[in-house]
Amino acid sequence: MLQKLKKIDGVIVIVLIMLMCVSIFSIFSVTHGRELDGFHLRMLKYYILGFAAFVVLAFVDYRIFIKYALYLYLLGIGLLVLVSLFGQVHNGARGWVEIGGLSLQPAELFKLVLILFLSSVIARKHGSALTFWKGIVPLGLLTLFPFAIVIIQNDLGNALSYIVILLGLLWIGNIKFSHALIGLIIVGGLSLLFVFSYIHYHDQVVDFIVETTGRDHLIDRFDPWLVPDLATDDASYHTRHAKLAIASGGMSGEGYMQGSSVQSNQVPYTYTDAIFVQIAEEFGFLGAALLLLLFFILIHRMILIALESKDHSGSFLIIGMVAMLLYQILENIGAFIGLMPLTGITLPFISYGGTSVLINMASMGIVMSVHLYGQDIEDELSRAKDYAVQVKGLKG
């Protein structure tokens, strides 16, 4: 145990502590003296629970979760179905459950479950190339099923994260180059076709989306992103004021708790989805860049651990988590600078939210477990080889 403790990656721990401090001080800045006053203390409690989960999972061999990943997947699917039927509605999405005064979102939890399950399936290939019918298609169907459930819950952000996790694991899971190229051409072509059609045939596409899905709110997500001039004032309000706030931050910001837009409530949800706007306005480009640097260091350390792991399943787990974090970071920040549609996804480790913090910290605990136990495979093989040599020597 003591030997494992000495191997803890101190850089990851320090970065997580720094992200916690950024989160708590940012939440305090936009909630003090208001109806949400005290949310920074709640976030501190979530982080205490998160660090507890981090420590516990770091010292549990991750291969246990790989072994029982199928059962976790089935349990997660059952929970998603139950929440879709009986869950609480928050911000238009039916995907929440109340446990002991804590609001939990199973769709967030399922991201970690999906990474565990897909990693366990790919690891059974033992490094062999993924074929289309026996590899890619089954993995795709196993991902599309929870994707569809979460889409029904009206949670586009988390649903898309499942697809990103699948793509990341397919790539590291030794997909054939020809399959990857064909998939890239198809996905890229369809995406460009959609963007072109939405811009140039806006009314027809809007009518088709509304008639097919019955979800008018999707138009409010796409219009400010692709055709801001056609978006209604209500649809573009969030992103328009977010851009103005970020621009007003300049190089060094307007000062902590001095952001003119975020402190006057011109930007909604600055303690959750739009917390990056608070950081950019009050600390400017330098503050936003430092935050991105922390994310870069964290992801860099994760990739190094994945490369050092002698166990394929451990590497797959980490790459799945890297894909999850990268998607959330790029989507959250990109939405408020006009590069991505607004989906309501949180900024990992920073936005207020108990489920998000607990899942992200648990994920980092599993990353640390790979760091601590991923070398055991090599040690076991080395001992087995030494034993074989000794036996051969005795027989000689």
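This one's a predicted model, so the numbers in the text were calculated from it and none came from an experiment. (Residues numbered from 1 in each chain as written. Predicted model: local features only at pLDDT ≥ 70, side-chain atom pairs only at ≥ 80, totals over all residues. Heavy atoms only, no water.)

Novice: Quick question: what am I supposed to make of the packing of aromatic side chains here?
Specialist: Pairs of aromatic rings are described using the distance from one ring centre to the other and the angle between the two planes. Evaluation of the coordinates by the stated rule reveals 18 aromatic pairs. Measuring from ring centre to ring centre gives 6.1 Å for Y47 and F51, while their planes differ by 35 degrees; the resulting arrangement is tilted. Of this pair, Y47 and F51 both sit in helix 3 (residues 39-58), four residues apart, roughly one helical turn. By relative accessible area, which is 0% here, Y47 ends up buried. Exposure remark for F51: the relative accessible area of 18% places this residue in the buried category. (Phe/Tyr/Trp six-rings, centres within 6.5 Å; stacked < 30°, edge-to-face > 60°. Helix = DSSP H or I, 4+ residues; strand = E, 2+ residues; numbered from the N terminus. Buried < 20%, exposed > 50% of the residue type's maximum accessible area, 1.4 Å probe, protein only.)

Novice: It is not clear to me how helix 6 (residues 106-123) should be interpreted in this structure. Could you clarify?
Specialist: Residues spaced three or four apart along an α-helix face the same direction, because each turn holds 3.6 residues. Here helix 6 spans 25 Å end to end across 18 residues, near enough to the 26 Å set by a 1.5 Å rise per residue. Within helix 6, 17 of the 18 residues are buried, leaving the element largely enclosed by the surrounding structure. (Expected span 1.5 Å × (residues − 1).)

Novice: What is the right way to look at the pattern of salt bridges in this model?
Specialist: Side chains that differ in sign of charge can pair as their charged atoms come close. Applying the stated criterion to the full structure yields three salt bridges. When the shortest N-O distance is used, the salt bridge between R63 and D61 registers 2.7 Å. Among the residues examined, R63 registers a relative accessible area of 22% and is labelled partly exposed. D61 sits in the buried class, given a relative accessible area of 19%. (Salt bridge = Lys/Arg side-chain N within 4 Å of Asp/Glu carboxyl O.)

Novice: Please explain the nonpolar core as it appears in this structure.
Specialist: Within soluble globular proteins, side chains that are nonpolar tend to cluster in buried spots. With 98 residues, the main nonpolar core has L19 and F349 as its most contacted residues. In terms of residues, this core owes the most to one element, helix 13 (residues 275-308), which gives 14 residues. Those residues in contact with L19 that sit more than four places away from it in its chain are Y47, L291, L294, F295, L298, F349 and I350. By size, the runner-up hydrophobic cluster in this structure holds nine residues, among which are L218, I219, F222 and L226. (Core = buried A, V, L, I, M, F, W, Y, C linked by side-chain atoms within 4.5 Å. Contact = heavy atoms within 4.5 Å.)

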